[in-house]
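This is what each chain is made of:
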Amino acid sequence: MGKSDKTNAVRLLDTLGIAYETHSYDVSDGGIDGVTVAGKVGIEPERVFKTLATRGASGGYHVFVIPVDHELDLKKAARAAGEKNIAMIPVADINKVTGYIRGGCSPLGMKKEYPVHLDETAILFDRIVVSAGRIGLQMELAPDDLCRAAHAGYADLTA
């Protein structure tokens with residue numbers, strides 16, 4: 001990966017000295033949903049995690065990282081975030097809030113540092129896969145390393 005190909009997320013891992021591996025995939029067919037991406041990079045869906053940006057009742061933003069083949073449980077998410085309730089932010093606002101676009105949202109390297117919550121199932125695996133901050137690019141790393149880089153905690157987040 002050339003220096004100019006690196007995303008903010010990958011640069012952050014480099015700065016922190018965290019080991020990772022990147023996986024590129026073809027997006028020409030338009031298939032960018034998580035389960036499709038898992039198939040394209042040849043990794044079982046339970047190890048591939050999607051990044052979801054939300055807003056709490058307090059007005060604060062929270063980021064949830066869950067397996068691509070699961071749905072975020074909003075009640076569990078609110079509890080993990082210490083919020084009365086949580087709602088997904090509209091797709092139109094994703095770039096404004098995170099600096100990323102839908103399908104390329106990484107839990108690392110956002111415009112601002114928001115609280116990040118990683119689904120507890122991540123601890124079942126030596127390595128998990130998340131977006132590297134661009135459609136067509138994923139990164140694989142240890143879940144504890146992702147938590148360290150994102151200042152994240154583990155929580156029960158899925159329905």
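Further up the page is the structure itself.
Just so you know, these numbers come straight off a predicted model, no measurement behind them.

(A) Region of interest: the overall build of the protein. When you go through the protein residue by residue, the secondary structure sums to five helices and eight strands. Beginning at the N terminus, the succession of helices and strands in the protein can be written as α-β-α-β-β-α-β-α-β-β-β-α-β. For the protein, whose C-alpha radius of gyration is 14 Å, the value lies close to the compact-globule estimate of 15 Å for 159 residues. Based on the C-alpha atoms only, the size of the protein along its principal axes is roughly 45 × 35 × 30 Å.

(B) Geometry of the pattern of salt bridges. Applying the stated rule across the entire model yields nine salt bridges. One salt bridge connects R127 with E140, and the closest N-O pair in it is separated by 3.6 Å. Of this pair, R127 sits in the loop between strand 5 (116-119) and strand 6 (128-134) while E140 sits in strand 7 (residues 137-141), and the two are 13 residues apart along the sequence. Take E140: its relative accessible area is 8%, and that puts it in the buried class. Taking the shortest distance from any N to any O, the salt bridge between D145 and R148 comes out at 3.9 Å. Here D145 and its partner R148 are both found in helix 5 (residues 143-150), three residues apart, which amounts to about one turn of the helix. Look at the salt bridges and you will find they share partners, linking E21, E44, R47, R127 and E140 into a network.

(C) Here's a closer look at the layout of surface pockets. Reported here for the largest pocket is a volume of approximately 530 Å³. K50, T51, L52, R102 and G103 are, among the 23 residues lining the largest pocket, the residues nearest its centre. Going through the elements one at a time, helix 2 (34-41) and strand 2 (49-56) are the ones with two or more residues in the lining of the largest pocket. Of the residues forming the lining of the largest pocket, the biggest block, five residues, is contributed by strand 2.

(D) Focus on the pairing of strand 5. Burial along strand 5 is two-sided: V116 and L118 facing one way and H117 and D119 facing the other are all buried. Bridge analysis of strand 3 (residues 61-67) against strand 5 gives three bridges, and the strand direction is parallel. Note on strand 5: the bridge partner recorded for V65 is L118. Where strand 5 and strand 8 (residues 153-155) come together, three bridges link them in parallel fashion. Directly across from D119, in strand 8, lies its bridge partner A155.

(E) Structural view of the nonpolar core. L108, L118, V130 and M139 are the most contacted members of the largest nonpolar core, which has 30 residues in total. Mapped by element, the contributors of at least two residues to this core are helix 1 (8-16), strand 2, strand 3, helix 4 (94-98), strand 5, strand 6, strand 7 and helix 5. At four residues, helix 5 tops the list of elements feeding residues into this core. Setting aside residues no more than four positions away along its own chain, L108 makes contact with A9, L12, L13, Y100, M139, L146, A149 and A150. With ten residues, the next largest nonpolar core counts L52, I66, I86 and L157 among its residues.

(F) Representation of the sheet that holds strand 7. Spatial ordering of the open sheet is given by 1-7-6, a layout of three strands whose pairing is antiparallel. Of all the strands in the sheet, the pair left with one neighbour each is strand 1 (21-24) and strand 6. Strand-to-strand twist in this sheet, taken as the mean axis angle between neighbours without regard to direction, amounts to 35°. Pairing of strand 1 with strand 7 involves four bridges; the strand directions are antiparallel.

(G) How the structure looks around the side chain of T158. Residue position: T158 is located in the segment after strand 8. Residues contacting T158, with those up to four places away along its chain left out, are I66, P67, H70, E71, D73, K76 and D119.

What counts and what doesn't
Residue positions are given per chain, counting from 1 as you read along its sequence in written order. The predicted nature of this model means local features are confined to residues of pLDDT at least 70 and side-chain atom pairs, given and counted, to a pLDDT of 80 or more, with totals for whole chains, interfaces and linings taken over all residues. For side-chain calculations, the full set of non-hydrogen atoms in the structure is used, while hydrogens and water are omitted. Put simply, DSSP H or I for four residues or longer makes a helix, DSSP E for two residues or longer makes a strand, and each gets a number counted from the N terminus. Note that the radius of gyration is over C-alpha atoms, with the globule rule given as 2.2 Å times the number of residues to the power 0.38. The salt bridge criterion pairs a side-chain nitrogen of Lys or Arg with a carboxyl oxygen of Asp or Glu, the two atoms within 4 Å. Think of it in three bands: residues with accessible area under 20% of the maximum for their type are buried, residues over 50% are exposed, and the middle band is partly exposed, with areas taken using a 1.4 Å probe on protein chains only. Whether a set of points on the 1 Å grid over the protein atoms alone is a cavity depends on a 1.4 Å probe fitting there but being unable to get out, while an open set qualifies as a pocket with protein on both sides within 12 Å along at least five of seven lines; lining residues are those with an atom within 4 Å of a point. Grid points are joined across faces, edges and corners, and a volume is the space filled by probe spheres set on the points. At least two DSSP bridges between two strands are needed for those strands to be called paired. We define the nonpolar core as a collection of buried residues of types Ala, Val, Leu, Ile, Met, Phe, Trp, Tyr and Cys that are connected through side-chain atoms lying within 4.5 Å of one another. The contact definition used throughout considers only heavy atoms, calling two residues in contact when any of these lie within 4.5 Å. Axes here mean lines fitted to C-alpha atoms, for a helix over just the part in contact, with angles spanning 0 to 180 degrees between N-to-C directions.

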